[in-house]
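Read off the chains here:
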Amino acid sequence: MIPRITLLASLATVARASQPEAPAPVAAPMRELEWGQINFIHTTDIHGWFGGHLQEPQYSADWGDYISFTSHMRKKADEKGVDLLVIDTGDRIEGNGLYDASNPKGKYTYDILGHQALDVLCTGNHELYQEASVDREHNTTVPKFKHSYVASNLDYIEPETGNQIPQAQRYIKFTTKNLGYTVVALGFLFDFDRNANNSVVIPVEEAMKQEWFQAAIQEKPDLFLVVGHVGLRMKEFEQIFKVIRDLNWYTPIAFLGGHAHVRDARKFDDNAFAIASGRYFETIGWMSVDGIKKRAGNGPSTEATATFKRRYIDNNLFGLHYHTGLNETTFPTEHGRNVTALITEGRKALKLDETFGCAPQDLWMSRAPYPSESSIFSWLETQVLPNSISNPERKNVSTLAIVNTGAIRFDIFKGAFTKDSTYLISPFVSKFNYVADVPYAVASKVLAMLNNGGPVFNGALNTKYLTIPEQMAPSPFYALADAADDGDDAFVAFADDGAAQKPLGGSRGHISSDDPELIGGYTTRDDLGDDGDDAVHSPIKFYAVPNCIQSKIAFPAPGEDGQAQDPEKVDLVFVDYVQPWIIPALKFSGGDYDTDDIKVYTNSTLTDLIAGWVMENWSNDC
């Protein structure tokens, strides 16, 4: 049997998720939540998935269920005489039809988000790409959460005056409800530089030199809370930790981060820990802090013995019922049911279940090697782009078309490919640009440079920003397998001992035949160990992907000897997000080009191209 895990497979009924088309969750061995004096429930990188995952049972609860869950957990905290804070760390938009398919974008999701009682929240980079989304965040979300929204290094440019003002309060200080702890909360964004012109991201190191920050870290709280849209392995949290710790030797510091789309926990020192809670509303994070000592007046912090615990909760009703001790009848609150109804109404109004075609197989971002028939990037490279991207004035010109892998956000599952699916796969509004008539000897070197990096790319042009978020700032506890390694060891591997990642609690051979069959899912290892996931899963293989892929279009036919023929010149086409890297790559490859040579190739987005290809090539009979 798996130690310290409760088995619930004997339950006669597993409740269905709230959205009517969502699959029922699957029973699994479960771990308890460990409570402390201050407890945190955390979401990050929701990207519009307020309706939950409608093709994945283990993540099928919706935002209404989450509202019911946090309501019950607040009551449990009151009963225990401890404190509970609900946190979100940004990237709430872009990545789901519920947000992206409406006009204006977010017509439904801003209201849905606003029904949750968030104690502290901050901004993500996706709120800042477009001027319209910056405005909506400032004028809708910030006022809705005016007492809990923190923007420590983000400013807004007022359209009427041009004045640069803080997006929200720089920090907040409050006293917890039940135990009366004093908390100073900060809210940071990583050093992002692709933001729209009506916003200003202040580099973290610069923000920490400002007078308000120096005042904040001398407030003498019982706990510092740093929320941020920052990957735990990125430099910014480490910078913040060092500055706070220099003045507060023993005060506990809780970091809640995001951006990297992973489950992770990091230890900075014995009294400072961080948690990241995944992506796309798959995960509800849990962190508890115990052993907090109240300061005596304005005296220095005393040596503390704080302990931090964490849990990564699969977002489904099976787990939410388990952690609240409730069932299908007693769990839903009236408020939660009403929000679920709002989601259903929004999805119906946007016709998100409209079927564009039927996927004949699963296509994976990183759960299949690239290249392979099961890779979504191979599908894009060999089928979609060659038959979809076009410019009537250049239709007979040989073309190299480049797309960064970060432009793809999710897998395709066998079965119905819907209107919603197009936004799950690629929600961005980026168009395609090109440089005409580039010598093939020059253009053919660009892809390798984008994938391999080098001295020509540095600082803001680091090529890691082209790939999927999971590879930008990875945990040291795993290394992604290469496509060449497709054997049993191609799981995410632990970097410290090289062992293949296993189901939590031991290998399958250590699990009793009385235990439920494990389903695939996260098997997380972090600085606190390998017991963080609330549900025990069988491991899933993950593979490294390149920064960019490339399609050859309208190339010369093979010669009489059957050998491929290279054209003399090509149009170099690329999704416009990649443009800052293109000119340096061309120059380093021997081309004499600048931004004046870049023109619009097509105003169609990658989302448009994928949707069009699916409707033309996949049967609509599922």
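Coordinates for the structure precede this section.
Cut-offs applied
Residues numbered from 1 in each chain as written. Predicted model: local features only at pLDDT ≥ 70, side-chain atom pairs only at ≥ 80, totals over all residues. Heavy atoms only, no water. Helix = DSSP H or I, 4+ residues; strand = E, 2+ residues; numbered from the N terminus. Buried < 20%, exposed > 50% of the residue type's maximum accessible area, 1.4 Å probe, protein only. Contact = heavy atoms within 4.5 Å. Salt bridge = Lys/Arg side-chain N within 4 Å of Asp/Glu carboxyl O. Pairing = 2+ DSSP bridges. Axes fitted to C-alpha atoms, helices over the stretch in contact; angles between N-to-C directions. Parallel < 35°, antiparallel > 145°, perpendicular 65-115°, else oblique. Left-handed = near helix turned anticlockwise from the far one by under 90°. Nonpolar A, V, L, I, M, F, W, Y, C, P; charged D, E, K, R; others polar. Right-handed = clockwise from strand over helix to strand, strands pointing away.

> Break down the overall build of the protein chain for me, citing the residues and quoting the values.
Across its full length, the protein chain holds 15 helices and 23 strands. Counting over 622 residues, the protein chain shows a buried share of 59%. Contacts in the protein chain between residues far apart in sequence, at least 24 positions, make up 77% of those at least 6 positions apart.

> I'd like a description of the pattern of salt bridges, backed by residues and values.
In a structure, side chains of opposite charge can pair up when their charged atoms sit close to one another. Across all of its chains, the model carries 26 salt bridges by this definition. Across the pair Arg233 and Asp527 runs a salt bridge, and its minimum N-O distance is 3.3 Å. Pair noted here: Arg233 is in the loop between strand S11 (223-229) and helix H7 (235-247) and Asp527 is in the loop between helix H13 (446-452) and strand S21 (548-553), with a separation of 294 residues, a long-range link. Notably, a salt bridge pairs Asp270 with Lys267, separated by 3.0 Å at the nearest N-O pair. According to the relative accessible area criterion, Asp270 is exposed, its value standing at 54%. Several salt bridges share partner residues, and in doing so they unite Glu21, Arg347, Asp353 and Asp420 into one network.

> Could you give an account of the sheet that holds strand S16 (residues 307-314), naming the residues involved and the relevant values?
Overall, mixed pairing links the five strands, which are arranged S5-S4-S3-S15-S16 in an open sheet. In the strand order of this sheet, the two ends are held by strand S5 (120-121) and S16, each with one partner. Pairing of strand S4 (residues 83-88) with S5 involves two bridges; the strand directions are parallel. Bridge assignment links Ile87 to a residue of S5, and that residue is Val120. Sheet contacts for helix H1 (residues 63-80): strand S3 (38-43), S4, strand S15 (283-290) and S16; angle to S4, the most-contacted strand, approximately 155 degrees.

> With reference to specific residues and values, describe the sheet that holds strand S20 (residues 432-439).
Strand order in the open sheet formed by five strands is S21-S18-S22-S20-S23, and the pairing between neighbours is mixed. Bordering the open sheet on either side are S21 and strand S23 (598-602), each of which pairs with just one other strand. Neighbour-to-neighbour, the strand axes of the sheet open up by a mean angle of 30 degrees, direction not taken into account. As paired elements, strand S18 (residues 399-404) and strand S22 (residues 569-575) share four bridges and run parallel to each other. By the bridge assignment, Ala401 is partnered in S22 with Val573.

> How would you sum up the packing of H1 against helix H9 (residues 334-349)? Please name residues and give values.
A pair of packed helices is characterised by two quantities: the angle between their axes and the separation of those axes. The interhelical angle for the contact between H1 and H9, taken along N-to-C directions, is 165 degrees, at an axis separation of 7 Å. Classified by the interaxial angle, the pair formed by H1 and H9 is roughly antiparallel. Crossing of H1 against H9: the hand is right-handed. In this structure, H1 contributes Trp63, Gly64, Asp65, Ile67 and Ser68 to the contact, and H9 contributes His335, Gly336, Val339, Thr340 and Ile343. In terms of residue class, the contact of H1 with H9 is built from four nonpolar, five polar and one charged.

> Mind laying out the packing of helix H10 (residues 376-388) against helix H15 (residues 606-617), listing which residues take part and the relevant values?
Interaxial distance between H10 and H15 falls to 10 Å at its minimum, and their mutual angle equals 90 degrees. In terms of their interaxial angle, H10 and H15 are classed as roughly perpendicular. Listed contacts from H15 to Trp379, Leu380, Gln383, Val384, Leu385, Asn387 and Ser388 of H10 are Leu606, Leu609, Ile610, Trp613 and Val614. Grouping the constituent residues of the contact of H10 with H15 by class yields nine nonpolar, three polar and no charged.

> So what's going on with the pairing of S11? Residues and values would help.
Residues in a regular strand project their side chains so that they alternate between the two faces of the sheet. With seven of seven residues buried, S11 lies mostly within the body of the structure. Of the pairings in the sheet, the one linking strand S9 (residues 182-189) to S11 comprises seven bridges and is parallel in character. Across the sheet, Gly187 pairs through a bridge with Val227, a residue of S11. Relative to strand S12 (residues 253-257), S11 runs parallel, the two being bridged by four bridges. Residue Leu225 lies in a different strand from S12, and its bridge partner there is Ala254. Taking the sense of rotation as the criterion, the β-α-β connection linking S11, H7 and S12 turns out right-handed.

> Can you lay out unusual backbone geometry for me, pointing to particular residues and giving the numbers?
Residue Pro104 is bonded to the preceding Asn103 through a cis peptide linkage, with omega at 0 degrees. Tracing the backbone through its elements, the reader meets Pro104 in the loop between helix H2 (97-100) and helix H3 (109-114). Cis geometry marks the peptide bond from Tyr370 to Pro371, where omega comes out at 0 degrees. Locating Pro371 in the fold gives a position in the loop between strand S17 (355-359) and H10. Located in the positive-phi region is Glu94, a residue other than glycine, with phi close to 65 degrees. Mapped onto the secondary structure, Glu94 falls in the loop between S4 and H2. Assessed through its relative accessible area of 8%, Glu94 is described here as buried.

> Can you break down the environment of Ser18 residue by residue, with the values?
By secondary structure assignment, the location of Ser18 is in the loop between strand S1 (6-7) and strand S2 (29-30). For Ser18, a relative accessible area of 28% translates into the label partly exposed. Sequence separation between Ser18 and Arg337 is 319 residues, and the spatial gap between their C-alpha atoms is 8.1 Å. The contacts of Ser18, once residues within four sequence positions are left out, are Asp62, Asp65, Leu317 and Thr340.

Keep in mind that these numbers describe shape and distance, not what the molecule does.
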